[in-house]
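For reference, the chains in residue letters:
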Amino acid sequence: MIEPSCRVHVNWEHFRHNIGILMQKEHELMPVIKADAYGHGVAKAAMELERLGIRWAAAGTLREAALVRESGFTGHIVALLSRVPGRDDVALALEKNLVPLIHNKEGLHSVQEALDGSSNTLDIAVKVDTGMARLGFPLSDMEKVAAFLAEHTNIRPLVQVSHFSVADEPDEDAYTAMQCDIFYRAADIMHRYFPDMRCSLGNTAGLAVQVTKKDDICRPGLALYGYDPMFGTSREGACKGLLPVMEVSAPIISVHPLHKGESLGYGRAYKAASERLVGWVAIGYADGYRRNPAPGTCMCVNGTRVPVIGRVAMQMTCVDLTDLPVPPVPGDIAYVLGGPGNAVTAQDIATWWDTIPYEVTCLLGKNKTE
Ligand SMILES: *Cc1c(COP(=O)(O)O)cnc(C)c1O
């Protein structure tokens, strides 16, 4: 891959700080580092978790889980995105001591076939569908699942998992309560056969609002990276003191005046109503910096916010530098995300892009080079 013109900097000190904040909720944690740790880098995230003494981690695919293991993480690693495991997958899970998530009978039978006649025991996570209607066994299947596992003793349910759909929305508390009810009814069935099986239901929002049982393992994702999934709701701030982990900068490569009446960029989308000083920053939609931001979108130059103007191009974006006390020169740095001063947050960008901070860090994080 050709090195991108923008730079992603990941502040692992802030990552550690955020985990410290989440630990105050006194739940065991299974930090979610799927999708390359939401763009921040899964291998380094795994090393940080190990340093902090964390004993559970959740990756995306089984290959990603293997990478977490290879990075030196010694705890349990659940692969949240397990497809129907083939023989290769089961072999990999056994070799690296990974925990595939089994969420349907195809997966269950496939694991059983792969283990048939072997003396190995595979730990699995059992997913119950409590209302997301995405992955998982329905509650009505749990007797059968539990009986099947009791019969096939070389498949061991280490943890039962489900996922909230609306725990970040106070208006939807009844739905979240219903999800909890289904989850713990399923767990009651499983616990009759497997009393030591752990439970893991809460995401960041579930952890913040403390809706799950005390000995549950919680799976925060977004908060690790410094953002509040309850932003904009009455519950905003339920995890206080989080610090943003990702910063993205790009060099300013051209600075020039734009005279009154002149236009710039594709479609002539910006026209100068007065004398302006403009700069082109080397980041564009090819770098995941989206093409259609809302009016009011900013970057940060020398600690001050400057407006994005005109149309975002494939590898370049224009900013209006007129109001800066010291005019920048080519070679100066613009911060698209984070940086010193009045920094832009992933929440700001999410608002400008009409999305959520999760998508912002996933997209911009793809430009990482280190
Ligand atoms: C992504 C994910 C999480 C983390 O959710 P956040 O909202 O980022 O805290 C937890 N559990 C599952 C199954 C997930 O897919």
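About the criteria used
- Residues take numbers from 1 onward in each chain, read along the sequence in its written order.
- Where local features are concerned, this predicted model is filtered to residues with pLDDT of at least 70; where side-chain atom pairs are given and counted, the filter is 80 or more; whole-chain, interface and lining totals use all residues.
- Here the side-chain values reflect all heavy atoms present in the structure, with hydrogen atoms and water set aside.
- Per the annotation, domain bounds derive from an automatic or database assignment of domains.
- Exposure classes here rest on a 1.4 Å probe applied to the protein chains alone. A residue is buried below 20% of its type maximum, exposed above 50%, and partly exposed in between.
- Helix numbers and strand numbers start at the N terminus; a helix is a DSSP run of H or I with at least 4 residues, a strand a run of E with at least 2.
- Any two residues whose heavy atoms approach within 4.5 Å are treated as being in contact.
- Any residue with a non-hydrogen atom lying within 4 Å of a molecule or strand is treated as near it.
- Any pair of nitrogen or oxygen atoms within 3.5 Å is treated as a polar contact; in protein, a donor-acceptor pairing is required on top of that, and neighbouring residues in sequence qualify only through side-chain atoms on both sides.
- Under the convention used here, a 1.4 Å probe and the Shrake-Rupley method define accessible areas, while residue burial counts only the protein chains that appear.
- Note on residue classes: Ala, Val, Leu, Ile, Met, Phe, Trp, Tyr, Cys and Pro are nonpolar, Asp, Glu, Lys and Arg are charged, and everything else, Gly too, is polar.
- At least two bridges found by DSSP between two strands are what make those strands a pair.
- Between rings of Phe, Tyr and Trp, where Trp is taken as its six-membered ring, a pair exists when centres lie within 6.5 Å; planes separated by under 30 degrees are stacked, by over 60 edge-to-face, and by other angles tilted.

**Q** Can you walk me through the domain arrangement of the chain in this structure?
**A** One frequent convention defines the size of an interface as the accessible area lost when the parts assemble. Each domain of the chain was delimited in the assignment, giving domain 1 (11-225) and domain 2 (246-344). The C-alpha centroid of domain 2 is placed 42 Å from the C-alpha centroid of domain 1.

**Q** Would you mind going over helix 4 (residues 62-70) with me for this structure?
**A** Two residues of an α-helix separated by three or four positions point the same way, owing to the 3.6 residues in each turn. Among the residues of helix 4, those classed as buried are Leu62, Glu64, Ala65, Ala66, Val68 and Arg69. Buried residues in helix 4 make contact with helix 2 (34-38), helix 3 (42-51), strand 3 (56-59), strand 4 (76-79), helix 5 (87-96) and strand 5 (99-102). One or two positions beyond helix 4, positive phi appears at Gly72, with a value near 105°.

**Q** Sorry, what's going on with the site of the ligand here?
**A** Residues in close proximity to the ligand total 14 residues, the closest being Lys34, Tyr38, Thr204, Leu222 and Tyr358. Lys34 has a polar side-chain atom sitting 2.6 Å from an oxygen atom of the ligand. When the ligand is considered free in solution it has 390 Å² of accessible area, and contact with the protein chains removes 93% of it. Among the residues forming the shell around the ligand, the class breakdown is six nonpolar, four polar and four charged.

**Q** Is there a simple way to explain the pairing of strand 15 (residues 304-309) in this structure?
**A** A regular strand carries its side chains on alternate faces of the sheet. Examined bridge by bridge, strand 14 (residues 298-301) and strand 15 share four bridges and lie antiparallel to one another. For Val301, the partnering residue across the bridge sits in strand 15 and is Thr304. Here strand 14 folds back onto strand 15 in antiparallel fashion, the turn holding two residues, of which Asn302 has a positive phi close to 50°.

**Q** Hey, could you run me through the packing of aromatic side chains in this one?
**A** Each pair of aromatic rings is reported with the distance of its centres and the angle of its planes. Scanning the model with the defined rule gives seven aromatic pairs in all. Between Phe183 and Tyr184, the aromatic rings sit 5.2 Å apart at their centres with planes inclined by 85°, giving edge-to-face as the arrangement. Judged by relative accessible area, which is 11%, Tyr184 ranks as buried. Judged by centre distance (5.8 Å) and plane angle (70°), the ring pair of Tyr289 and Trp353 falls under edge-to-face. Of the two residues, Tyr289 is situated in the loop between strand 13 (276-281) and strand 14 and Trp353 in helix 10 (residues 346-353); the sequence distance between them amounts to 64 residues.

**Q** Please clarify how unusual backbone geometry should be interpreted in this entry.
**A** Residues apart from glycine generally show negative phi values, whereas peptide bonds are mostly found in trans. For Asn97, which is not a glycine, the phi torsion comes out positive at approximately 55°. In this structure, Asn97 sits in the loop between helix 5 and strand 5. Its relative accessible area of 44% is what places Asn97 among the partly exposed residues.

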